[in-house]
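Now for the letters of each chain:
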Amino acid sequence: MPSPQEIQRALDIHGQAYLFIDWLRNARCGDVLRLDQGHRKESDLNFFDSAASWLEYNEDRIPSSLVPSAEDRKIFVSMLVSFRMTSGDYDLAYRERKMSQYWKSLVERVPAGNFCECEFCDRFVWRLGNFARNPEGGSGRAALLLKQSALRALLKESQLPLVEGDLPEILKRRGMFDNELSIWTYAWELVRRCDYEQHWYTHRQVESGVLLLWRRIARNRQGKISPEFLLTVERILAARDHVVEALQRTVKRRMA
Ligand SMILES: [Zn+2]
Ligand SMILES: [Zn+2]
């Protein structure tokens, strides 16, 4: 189970990555950043490596307050790579239809053939110009699978007499604690995402559930996503306690 320190660190670096993304959007990154292939290295084996070399290549153009420290860099890169992956979009046709004005003006300003098309640049810069989509059909199932994984991890550590086979019943009754479970699952996933390189391939099917979890958590009484909404470690740990209590109730019900 992630420790409070791990959760805090994940929240902090995630927040920092999103400040950086906000800055990129406002800075019209085509004018500020180097978007050519110059960052590519022999050692760029996948898009995590590419993201790291891209960050290094552009570092002197980024305000120093937004540059991650050496020890946070790996997690920061994980958050950059996961940006918009967690709202899932691999559909090229969709991508062409929705190509934003931002993207068009960006491409126009970068001389033809001078735009890096490595997997990282291609996806990341494109995502910058697009706003999060509404979660679609598969996201509900993806969110449920994430909750199931988070619950499974919690079960293993809870020392309660519950096993894997009890998960369906627990999930069926989750109406009572679904919001708490969503909060805990979101945080658990965020900590896991700090090591995204280990997970992205097997978990990309469920990543689209993250956006749905976030929307459920951050919704205010009017059903709108509140921009001021902030998830704290205290709130996350309280949510975990509620979920554990729900598990304890399951055990009691059985013994009754
Ligand atoms: Zn590139
Ligand atoms: Zn995994």
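Residues numbered from 1 in each chain as written. Chains lettered and ligands numbered in written order. Predicted model: local features only at pLDDT ≥ 70, side-chain atom pairs only at ≥ 80, totals over all residues. Heavy atoms only, no water.

*Asks:* Hey, could you go over the layout of surface pockets for me, with residue numbers and the actual values?
*Replies:* The method is simple in principle: a probe with the dimensions of a water molecule rolls over the atoms, and the space it marks as empty is what remains. By volume, the second largest pocket is sized at about 420 Å³. In terms of lining, the second largest pocket is formed by 16 residues, of which the most central are Trp214, Pro227, Phe229, Leu230 and Leu231. In terms of residue count, helix α1 (residues 4-26) provides more of the lining of the second largest pocket than any other element does, 5 residues in total. Grouping the amino acids of the lining of the second largest pocket by side-chain chemistry returns 9 nonpolar, 5 polar and 2 charged. When residues of the lining of the second largest pocket are assigned to domains, at least three fall in each of domain 1 (4-128) and domain 2 (137-255). (1 Å grid on protein atoms, 1.4 Å probe; cavity = no way out; pocket = protein on both sides within 12 Å on 5 of 7 lines; lining within 4 Å. Points joined across faces, edges and corners; volume = space filled by probe spheres on them. Helix = DSSP H or I, 4+ residues; strand = E, 2+ residues; numbered from the N terminus. Nonpolar A, V, L, I, M, F, W, Y, C, P; charged D, E, K, R; others polar. Domains from an automatic or database assignment.)

*Asks:* Would you mind going over the packing of aromatic side chains in detail, with residue names and values included?
*Replies:* The relation between two aromatic rings is expressed through the spacing of the ring centres and the mutual angle of the planes. Throughout the structure, instances matching the rule amount to 8 aromatic pairs. Both rings, one in phenylalanine 20 and one in tryptophan 54, keep their centres 6.4 Å apart while their planes meet at 70 degrees; by these two values the pair is edge-to-face. Here phenylalanine 20 is found in helix α1, whereas its partner tryptophan 54 is found in helix α3 (residues 47-58), with 34 residues between them in sequence. As far as burial versus exposure is concerned, phenylalanine 20 and tryptophan 54 are alike and both buried. Note on phenylalanine 47 and phenylalanine 48: the rings are 5.5 Å apart at their centroids and 35 degrees apart in plane angle, and the pair reads as tilted. (Phe/Tyr/Trp six-rings, centres within 6.5 Å; stacked < 30°, edge-to-face > 60°. Buried < 20%, exposed > 50% of the residue type's maximum accessible area, 1.4 Å probe, protein only.)

*Asks:* Please set out the side chain of glutamine 16 residue by residue, giving values where relevant.
*Replies:* Residue position: glutamine 16 is located in helix α1. According to the relative accessible area criterion, glutamine 16 is buried, its value standing at 17%.

*Asks:* Break down the pattern of salt bridges for me, with residues and values.
*Replies:* Tallying each qualifying case throughout the model produces 15 salt bridges. Here arginine 240 makes a salt bridge to aspartate 241, at a shortest N to O gap of 3.5 Å. What makes arginine 240 buried here is its relative accessible area of 18%. Taking relative accessible area as the criterion, aspartate 241 reaches 38% and is therefore assigned partly exposed. (Salt bridge = Lys/Arg side-chain N within 4 Å of Asp/Glu carboxyl O.)

*Asks:* Kindly report on the coordination of the zinc ion (ligand 1), identifying the contributing residues and their values.
*Replies:* On the protein side, the zinc ion (ligand 1) has His39 (NE2), Cys116 (SG), Cys118 (SG) and Cys121 (SG) as donor atoms, found 2.0 to 2.3 Å from it. Classification of the site at the zinc ion (ligand 1) rests on its 4 donor atoms, whose angles at the metal span 103 to 115 degrees, yielding the label tetrahedral. Sequence positions of the donors to the zinc ion (ligand 1) reduce to the motif H-x76-C-x1-C-x2-C. Residue histidine 39 is located in the loop between α2 (29-32) and α3, and its partner cysteine 116 is located in the loop between α6 (101-109) and α7 (119-128); the two are separated by 77 residues in the primary sequence. Taken individually, histidine 39 and cysteine 116 each receive the classification buried, so the pair is uniform in this respect. (Donors = N, O, S within 2.8 Å, 3.2 Å for Na, K, Ca; no water. Tetrahedral: all angles 85-135°; square planar, octahedral: opposite > 155°, others 65-115°.)

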